[in-house]
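Each chain, letter by letter, is given below.
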Amino acid sequence: MTSEPGRPGHMKYVLLDVDGTLIDAVSNQRQVWGAWAERYGLDADEVYQVALRTRPMETFAQVAMDHDPRECLATLHELEDEDVRSGVYAAFDGASELLHDLSPGSWALVTSNYEHRVRGRFLRTGLPVPDVIVDAAAVEKGKPSPLPYLRAAARLGAEPGDCLVIEDAPSGVRSGLRAGMTVWGVNAAAAVEGVHRHFGSLREAVPHILAFTSGPHGNAPT
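What counts, and at which threshold
Residues numbered from 1 in each chain as written. Predicted model: local features only at pLDDT ≥ 70, side-chain atom pairs only at ≥ 80, totals over all residues. Heavy atoms only, no water. Helix = DSSP H or I, 4+ residues; strand = E, 2+ residues; numbered from the N terminus. Buried < 20%, exposed > 50% of the residue type's maximum accessible area, 1.4 Å probe, protein only. Pairing = 2+ DSSP bridges. Right-handed = clockwise from strand over helix to strand, strands pointing away. pLDDT = per-residue confidence, 0-100. Contact = heavy atoms within 4.5 Å.

Caption draft 1: Quick peek at the environment of Val-195. The topology assignment puts Val-195 in the loop between strand 7 (182-185) and strand 8 (197-198). With 89 residues separating them along the chain, Val-195 and Ser-106 place their C-alpha atoms 21 Å apart.

Set out below in structure tokens:
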């Protein structure tokens, strides 16, 4: 873990990943990829292990090279949308408290998913939706590129040095770090390389996140 950047006296902002950070979607992702693999007569476990490490188009290139990748992606999107409508979702402990306690205009969601699915999942779990959501369609390059987090900061009117990124995955951590932001890791047994602070759970991190936004180093309301 490295030392935290920061600009004392400035308002602080929180930029949050969604899947794996606020919402526990691991079982949903496994089920979606399992259904996708079944459509193509592939081994579900093998496909899922590849999907964990790669983006969808890269996954298709490895496990379904004889099929049209655009067709593969359309099938995946169909299954993901159906899962949003009918799947069982759970927010991580502390997510609701955190999002309800953050000041309006001081936080955003930064996701590799699509906004309509995020809104559907938040509706299902009772989580509030912020004014700013940067999704896969909002940037040309996703995580680990810094662009998603930089886009979120720009839409909030925030400087990167005044932003706290909350992430669970290495690609998201690298994205936040490359954007010049403070990055805290959650929901992992071990710290992701590069994070400034690590918490085993989101619940553990909640009071520290709220203190970051409203403490003496910022001017956000208490």
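On we go from here.
Caption draft 2: View of the pairing of strand 7. Alternating residues of strand 7 divide into Thr-182 and Trp-184 and Val-183 and Gly-185, and every residue in both groups is buried. Note: strand 6 (residues 163-167) against strand 7, 4 bridges, orientation parallel. Paired with Val-165 across the two strands is Val-183, which belongs to strand 7. Read as a crossover between parallel neighbours, the route from strand 6 over helix 8 (residues 170-178) to strand 7 is right-handed. Judged from the 2 bridges that link them, strand 7 and strand 8 form a sheet pairing that is parallel. By the bridge assignment, Trp-184 is partnered in strand 8 with Arg-197.

Caption draft 3: A look at the confidence of the model for the protein. Across the protein, the average pLDDT comes to 92, with 92% of residues at or above 70. Confidence drops under pLDDT 50 across residues 216-222; counting only partners more than four residues distant or on other chains, this segment forms 18 contacts.

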